[in-house]
Amino acid sequence: MSADDAQQARFDGMLLQVAQESGGIEPLMGHFFGMLRRRTDFFTGADKEKAKALVVECFEREHALAARARREQEQRRAAAEKEKEAAKAAADAAKLSPAPAAAAAAAAAAAA
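Below is a summary of the structure that appears in this document. (Residues numbered from 1 in each chain as written. Predicted model: local features only at pLDDT ≥ 70, side-chain atom pairs only at ≥ 80, totals over all residues. Heavy atoms only, no water.)

1. Things to note about the overall build of the protein chain
Along the backbone of the protein chain there are five helices and zero strands. For the protein chain, the succession of helices and strands along the chain, N to C, is α-α-α-α-α. Counting the 112 residues in the protein chain, one finds 5% classified as buried. (Helix = DSSP H or I, 4+ residues; strand = E, 2+ residues; numbered from the N terminus. Buried < 20%, exposed > 50% of the residue type's maximum accessible area, 1.4 Å probe, protein only.)

Below, the structure is given as C-alpha cells:
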C-alpha cells in the first residue's frame, strides 16, 4: 500500500459506514456533493468546468488504479493456476514412470 493509499484509507471506515447507512454508492455520492454545496465554495467559488474537471480527474485516477489492481490480481491468479497445473502434471508423470529405485532393482535383476 502506497503512502497515498494509506492516507486515503484513514477515512475508509467512516465512508463505508456512511455508504451503508445511506443505502449505497449513489446516495453516498449525493451526500458528499451535498456537503460540498452546503459547506464549501466548490460549486460557487470555481468555474463549473474546473469543478467538473476535478471530479473527472479524481474518477479517472481511481479507475486506472482499480484497473491496474484487477490486471495484477488476474496475472497472479493465472500464474498460480499455471503453477498448480505444472505441479499436477509433474505428479502425474511421477505416477506413470517407474520409481528410480525400482528401475535400478530391475536393471540389477536383469544383469544377474
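2. Concerning the packing of helix H2 (residues 12-22) against helix H3 (residues 25-39)
The N-to-C vectors of H2 and H3 enclose an angle of 115 degrees; their axes lie 8 Å apart at closest approach. With respect to each other, H2 and H3 are oriented roughly perpendicular. The interaxial crossing formed by H2 with H3 has right-handed handedness. Counted together, Leu15, Val18, Ala19 and Ser22 of H2 and Pro27, Leu28 and His31 of H3 form the full contact between these two elements. Classifying every residue of the contact of H2 with H3 gives five nonpolar, two polar and no charged. (Axes fitted to C-alpha atoms, helices over the stretch in contact; angles between N-to-C directions. Parallel < 35°, antiparallel > 145°, perpendicular 65-115°, else oblique. Left-handed = near helix turned anticlockwise from the far one by under 90°. Contact = heavy atoms within 4.5 Å. Nonpolar A, V, L, I, M, F, W, Y, C, P; charged D, E, K, R; others polar.)

3. A short note on the packing of aromatic side chains
Across all of its chains, the model carries four aromatic pairs by this definition. Centre to centre, the rings of Phe33 and Phe42 are 6.5 Å apart; their planes meet at 45 degrees, and the pair counts as tilted. Phe33 gets classed as partly exposed once you look at its relative accessible area, which sits at 23%. Its relative accessible area of 16% is what places Phe42 among the buried residues. Ring pairs connect the aromatic residues Phe32, Phe33, Phe42 and Phe43, which therefore count as one cluster. (Phe/Tyr/Trp six-rings, centres within 6.5 Å; stacked < 30°, edge-to-face > 60°.)

4. A closer look at H3
For H3, with 15 residues, the first-to-last C-alpha span of 21 Å sits near the 21 Å given by 1.5 Å per residue. Every buried residue of H3 is listed here: Leu28, Gly34 and Leu36. Elements that come into contact with the buried residues of H3 comprise H2. (Expected span 1.5 Å × (residues − 1).)

5. Considering the pattern of salt bridges
Oppositely charged side chains may form a pair once their charged atoms are brought near each other. For the structure shown, the criterion picks out four salt bridges. A salt bridge links Glu74 to Arg77; its shortest N-O distance comes to 2.6 Å. Note that Glu74 and Arg77 are positioned in helix H4 (residues 48-96) at a spacing of three residues, about one turn of the helix. With a closest N to O distance of 3.2 Å, Lys88 and Asp92 form a salt bridge. (Salt bridge = Lys/Arg side-chain N within 4 Å of Asp/Glu carboxyl O.)

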